[in-house]
Amino acid sequence: MIGQVAVRRFPALTVSTPRTEVRQLTAADAAAAGEIFADKLTRRWLPLPDDSGPIDGLAWCTDLARQRRDSGEGDHYAVLRREDDQVVGSLWTRRTDWGARLTEISYAMAAPARGFGLAAEAVDAVAIALILEHGFQRVELRVAPGNLASRRVAEKAGFSYEGLLRNAGFVSGGRVDLELWSFVAADLR
């Protein structure tokens, strides 16, 4: 296969913490995902233009997740609150570099689930699973300055701040710098 690169499928992943379970999204999660992504504060920080329509929860949970997984770029996950088995967040991986064994993780939480540490708990568990169970060496988080809640998630999940990527992203308000945070295999020692 000279000149061709084998595409790696993103690994199946399910992790449990004392208060959350993270698993692949299914069609049954579509309504919850749609609500999470329709939230005004969530949309403020997503890399979507102001005039973009709603995110299709069913497509996010099925077709888009499958495409990302099959391409090897990442996957889409549900964050469930264990006490009531409710989907309270979505977490996704992207920008996977198999040669460097790194991926980026992003997340969005339902408004009623914010402020309880569930996002940090889920992000930490996924980062650890990716490193220990799937051989990743680095997991990145990118946070728009001003998104203090996401900065707190990164800190609580054990990520280290590395610096500012100037003009590296966009949110609903336009172009932004992005803070780069990382969790690496050496952090587990």
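Residues numbered from 1 in each chain as written. Predicted model: local features only at pLDDT ≥ 70, side-chain atom pairs only at ≥ 80, totals over all residues. Heavy atoms only, no water.

Under the annotation held in an unreviewed UniProt entry, the protein chain carries the name N-acetyltransferase and is attributed to Micromonospora inaquosa.

**Q** Please clarify how helix α5 (residues 118-134) should be interpreted in this entry.
**A** Owing to its 3.6 residues per turn, the α-helix brings residues three or four apart onto one side. When the terminal C-alpha atoms of α5 are compared, their 23 Å separation across 17 residues agrees well with the 24 Å that a helix rising 1.5 Å per residue should span. Counting buried positions along α5 gives 13 out of 17 residues, so the element sits mostly inside the fold. (Helix = DSSP H or I, 4+ residues; strand = E, 2+ residues; numbered from the N terminus. Expected span 1.5 Å × (residues − 1). Buried < 20%, exposed > 50% of the residue type's maximum accessible area, 1.4 Å probe, protein only.)

**Q** It is not clear to me how the environment of Ala113 should be interpreted in this structure. Could you clarify?
**A** Within the secondary structure, Ala113 sits in the loop between β5 (102-109) and α5. Remark: the alpha-carbon pair of Ala113 and Ile36, spanning 77 residues in sequence, is separated by 10 Å.

**Q** What is the right way to read the packing of aromatic side chains from this model?
**A** Two aromatic rings, taken as a pair, are described by how far apart their centres are and by the angle between their planes. In this structure the tally under the stated criterion is eight aromatic pairs. Consider the rings of Trp60 and Trp92, whose centres lie 5.2 Å apart with planes at 90°: the pair is edge-to-face. Of this pair, Trp60 sits in helix α3 (residues 57-61) while Trp92 sits in strand β4 (residues 86-97), and the two are 32 residues apart along the sequence. Across the pair, Trp92 and Trp60 agree in class, each one buried. Ring centres of Trp98 and Phe136 lie 5.2 Å apart, and the angle between their planes is 50°; this geometry places the pair in the tilted category. On the criterion of sequence distance, the pair formed by Trp98 in the loop between β4 and β5 and Phe136 in the loop between α5 and β6 (138-143) is long-range, its members being 38 residues apart. Under the relative-accessibility criterion, Trp98 is labelled buried at 18%. In this structure Phe136 comes out as buried when scored by relative accessible area, which is 0%. Pairwise contacts between aromatic rings join Phe10, Trp98 and Phe136 into one cluster. Between Arg44 and the ring centre of Trp45, over which it is positioned, the NZ or CZ distance is 4.1 Å. (Phe/Tyr/Trp six-rings, centres within 6.5 Å; stacked < 30°, edge-to-face > 60°. Lys NZ or Arg CZ within 6 Å of the ring centre and 35° of its normal.)

**Q** Can you help me understand the confidence of the model for the protein chain in this one?
**A** Detailed reading of predicted coordinates is not advised where the pLDDT is low. When pLDDT is averaged along the protein chain, the result is 92; 95% of the residues meet or exceed 70. Element-level mean pLDDT values for the protein chain span from 88 in helix α2 (residues 40-45) up to 98 in β6. (pLDDT = per-residue confidence, 0-100.)

**Q** Can you walk me through the pairing of strand β7 (residues 160-171) in this structure?
**A** Taken residue by residue, a regular strand's side chains alternate between the two faces of the sheet. One ladder, built from eight bridges, connects β7 with strand β8 (residues 174-184); its direction is antiparallel. Note that in β8 the partner of Ser160 across the bridge is Ser182. Hairpin remark: β7 followed by β8, antiparallel, with two residues in the connecting loop. (Pairing = 2+ DSSP bridges.)

**Q** What is the right way to look at the sheet that holds strand β2 (residues 20-24) in this model?
**A** The strands making up a sheet associate through hydrogen bonds between their backbones, and the pairing can be parallel or antiparallel. Judged by pairing direction, the sheet is mixed, and its eight strands sit side by side in the order β1-β2-β3-β4-β5-β6-β8-β7 without closing on themselves. The sheet is open, and its two edges are formed by β1 (15-16) and β7, each paired on a single side. Bridge count between β5 and β6: three bridges; the pairing is parallel. What sits directly across from Leu102, in β6, is Arg138. Helix-sheet contacts for helix α1 (residues 30-38) involve β4 and β5, and the interaxial angle to β4 is about 75°. Running at roughly 10° to β8, helix α6 (residues 148-156) makes contact with β5, β6 and β8 of the sheet. (Contact = heavy atoms within 4.5 Å. Axes fitted to C-alpha atoms, helices over the stretch in contact; angles between N-to-C directions.)

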